[in-house]
Amino acid sequence: MDSRMHFTFSDLMVGSVVAYKADEDTFTLRTIDGREFEVRLTSQTFAEVIRNLGDAYIDATSQMRDMLDRGRMLFAYGIFYPEGGGTTFEAKHIVFVGRTSHDFVFERPDWWVQQVREVADFYLRAQFPDGVYDFAQYRTRISLEGEKLPGTRQETDTISRLVYGFATAYLLTGEDRFLEAADAGTEYLRAHMRTVDAGEGIAYWVHGIDISGPKEKKILASEFGDDYDAIPAYEQIYALAGPTQTFRITGDPRILNDIEMTHELFNRFFLDREGGGFYSHIDPITFDPKSETLGHNQGRKNWNSVGDHAPAYLINAYLATGEDKYADFLVFTANTICNHFTDYDRSPFVNERFHEDWSHDHAWGWQQNRAVVGHNLKIAWNLMRINSLRPSEHYVELSRKIAALMPPVGSDRQRGGWYDVMEREKADNQEWYRYVWHDRKAWWQQEQAILAYLILSGILGDEEYRTEAHHATAFYNAWFLDHDAGGVYFNVLADGLPYLLGNERLKGSHSMSAYHNTELCYLAAVYTNLLITRQPLDLHFKPRVDGFHDRILRVAPDILPPGSIRIEQVWVDGQPWSEFDSERLTVTLPPPGQEVNVKVRVVSALETFESNLEVANGTASITLTGKLDGTVAGALERDLQNALAGSPKRVILRAEKLESMSSAGARALLFLRQKLPFDDVELLIVGAPPQVQEACRLVDTDEQSFVLLDDIKKVKPLKGG
């Protein structure tokens, strides 16, 4: 019997359009890895544009065929039919990433701000439906629809991650309800989950508490899986995530004290002073990392105990304080990763489990000799952050290596998205690295990919990194946002459809809270706006009266290359405030005595571009400033589309302040002309310097697509105007 595939199946493809054949109603789609498929449209094919949480459905069915221009990125979901010795693919659902070929909706300056607001509001409604932020009513498990599930357990880390989400939403929106919830959650953590050992000079955090009415029972050691009856380092790390993000906003000195005392816990009991790095677990009674009671966690080190410090709390502690001890700690973790985690002679994935002497532990629990794809990407992302603080060619070299190695082995080059856990090595005669349990895709792994490639693109400028960021970000926004119930799905199938069984159906669990999804919103906004599209970003703070004792508020949104961003404007209680250091990214607060609201506008200090649109009397006038290249062409294109929406008779581009224009920028202008009516509307470029005029002529050699004028005075009035 012929064993070749002979059945229909539905699946997803993502790629860019190569060509559309109107007479056949087909288009050629080139996938991420360069393969080409013929996609057939049907009478029932429908199309939409990726939409944000809180947005209405954006139908594109009627314009679908007109939108199949060369180079456009899209998703095509449909059915494969085995026919004629091959397969025929008929698309049933098309998802465009923007309205035009250069438009990526998630690069709009307010995209992530809106999304973080929607995500945070989902968790506010779920946990506190009465609007009272009483964390005694908090429950770890939240259903798909946002309802609390029965249970008495409150886990420290999940509360802390939720607090992180609320604090982050406040940073981006300035909406008080989010900070009120973050403050309430921080107070609850300190009162119920924190233990201070004054004799040892440390603070540590319990795994959680069981509550029954007014009674509560502390759960000191973990009761989760492979960490059972131990205190894992990652739980102490993530206990600080929410409070530290809140500290950045308020400067609450009690939170800083908790950070410092937990930092002392790591140095006293988790740090291996002889062999380097941090032990993964300590005994809950003796705090001994080598106690025999730890079983398979005795004297072990892992990814979490080293790599999770930086993103969870350490970078934020440094940003808020500027303390060298936190910078030194970051460098220590980065060097440990570079020195011990790589294993490229045997695998494209880093090692994640170690014995005390750093020999590989390939027999531990579920991990064995397996890789978590997101941890590799997390290394690249965080090494680039630390490199901006303490530059090292080793950090950049390893980040680049990971960025090059991961896509072919850890991502889906046909459908988009990033996988979960994979075997680190292939067996004999295997061509593919194997998935350990499934080929599903988790929300948090997508975050690591997006942030890794965004920061690599923003700092190093390589176009391939921005392309990878586009692919990862498009997949996340197309398939992970729950437009029905709100929030973000835990897992989707390989083809992007949500997987809604067991714990993966939940939006609140031991594994999921409002952390990775809001961290993504925050840092994607930072990297996109400030490093890539170079648009302003507003941040919000609310320092306490006793916060920031030196009255210096540090507002750097992340560790970015020195000199890459600056403060443009500051408002205190809604009024302009002049006491700030634009380059050092600090604000001098008013004298103590009252709590104030501080809004800070941060802008790119790199080569910037701005476009401003005005429409009047049938003329759309767009003033261009700065340097127009491929990184900002999308921003111009959105203004051009807005200009066309008013059906103007003339479009004037004021280019007197335009310093330069790349070929991509010139092509954006040519594309605009393509969209204008041929006879009735004219496009004038006024006052362009010689180098900009030359760029225009390179794409329009006959000078018939647009008119170049030296002076605005030479523009003749519109007929009838």
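Note that the structure is a prediction, hence the values are computed from the model and not measured.

Definitions and limits used
Residues numbered from 1 in each chain as written. Predicted model: local features only at pLDDT ≥ 70, side-chain atom pairs only at ≥ 80, totals over all residues. Heavy atoms only, no water. Helix = DSSP H or I, 4+ residues; strand = E, 2+ residues; numbered from the N terminus. Rg over C-alpha atoms; globule rule 2.2 N^0.38 Å. Buried < 20%, exposed > 50% of the residue type's maximum accessible area, 1.4 Å probe, protein only. Contact = heavy atoms within 4.5 Å. 1 Å grid on protein atoms, 1.4 Å probe; cavity = no way out; pocket = protein on both sides within 12 Å on 5 of 7 lines; lining within 4 Å. Points joined across faces, edges and corners; volume = space filled by probe spheres on them. Nonpolar A, V, L, I, M, F, W, Y, C, P; charged D, E, K, R; others polar. Axes fitted to C-alpha atoms, helices over the stretch in contact; angles between N-to-C directions. Parallel < 35°, antiparallel > 145°, perpendicular 65-115°, else oblique. Left-handed = near helix turned anticlockwise from the far one by under 90°. Pairing = 2+ DSSP bridges.

Explain the overall build of the chain residue by residue, including any values.
Secondary structure assignment for the chain yields 17 helices and 31 strands. Relative to a compact globule of 721 residues, whose C-alpha radius of gyration would be 27 Å, the chain shows 27 Å and is just as compact. For the chain, with 721 residues in total, the buried portion stands at 60%. In the chain, once contacts between residues fewer than 6 apart in sequence are set aside, the share between residues at least 24 apart is 67%.

Residues and numbers for empty space enclosed by the protein, please.
Following the criterion strictly, the structure yields seven cavities of 30 Å³ or more and no others. Those elements that place two or more of their residues in the lining of the largest cavity are α7 (303-307), α9 (324-340) and α10 (373-389). Considering each element in turn, the lining of the largest cavity owes the most residues, five residues, to α10. Counted by class, the lining of the largest cavity contains eight nonpolar, three polar and one charged residues.

Let's hear about the packing of helix α1 (residues 111-127) against helix α13 (residues 463-479): which residues, and what values?
Remark: α1 packs on α13, axes separated minimally by 14 Å, with the N-to-C direction vectors making an angle of 40 degrees. Compared by their axis directions, α1 and α13 come out oblique. Every pair of crossing elements has a handedness; the one defined by α1 and α13 is left-handed. Every residue of α13 that contacts α1 at Trp 111, Trp 112 and Gln 115 is listed here: Thr 473, Tyr 476 and Asn 477. The class makeup of the residues in the contact of α1 with α13 is three nonpolar, three polar and no charged.

I'd like a rundown of the layout of surface pockets, residues and numbers included.
Roughly 1300 Å³ of volume is contained in the largest pocket. Taken together, 46 residues make up the lining of the largest pocket; nearest its centre are Phe 224, Trp 366, Trp 444, His 510 and Ser 511. For the lining of the largest pocket, the secondary structure elements donating two or more residues are β7 (153-155), α4 (233-239), α7, α10 and α12 (443-460). The residue makeup of the lining of the largest pocket, split by class, is 16 nonpolar, 16 polar and 14 charged.

Please provide a residue-by-residue account of unusual backbone geometry, values included.
Its identity as a non-glycine residue notwithstanding, Phe 287 has a phi of 60 degrees, on the positive side. A relative accessible area of 9% means that Phe 287 is categorised as buried.

Account for the sheet that holds strand β21 (residues 552-554), with residues named and values stated.
Strand order in the open sheet formed by three strands is β21-β25-β24, with antiparallel pairing between adjacent strands. Lying at the two open borders of the sheet, with one neighbouring strand each, are β21 and β24 (580-581). Judged from the two bridges that link them, β24 and strand β25 (residues 586-588) form a sheet pairing that is antiparallel. Bridging across to β25, Phe 580 finds its partner in Val 587.

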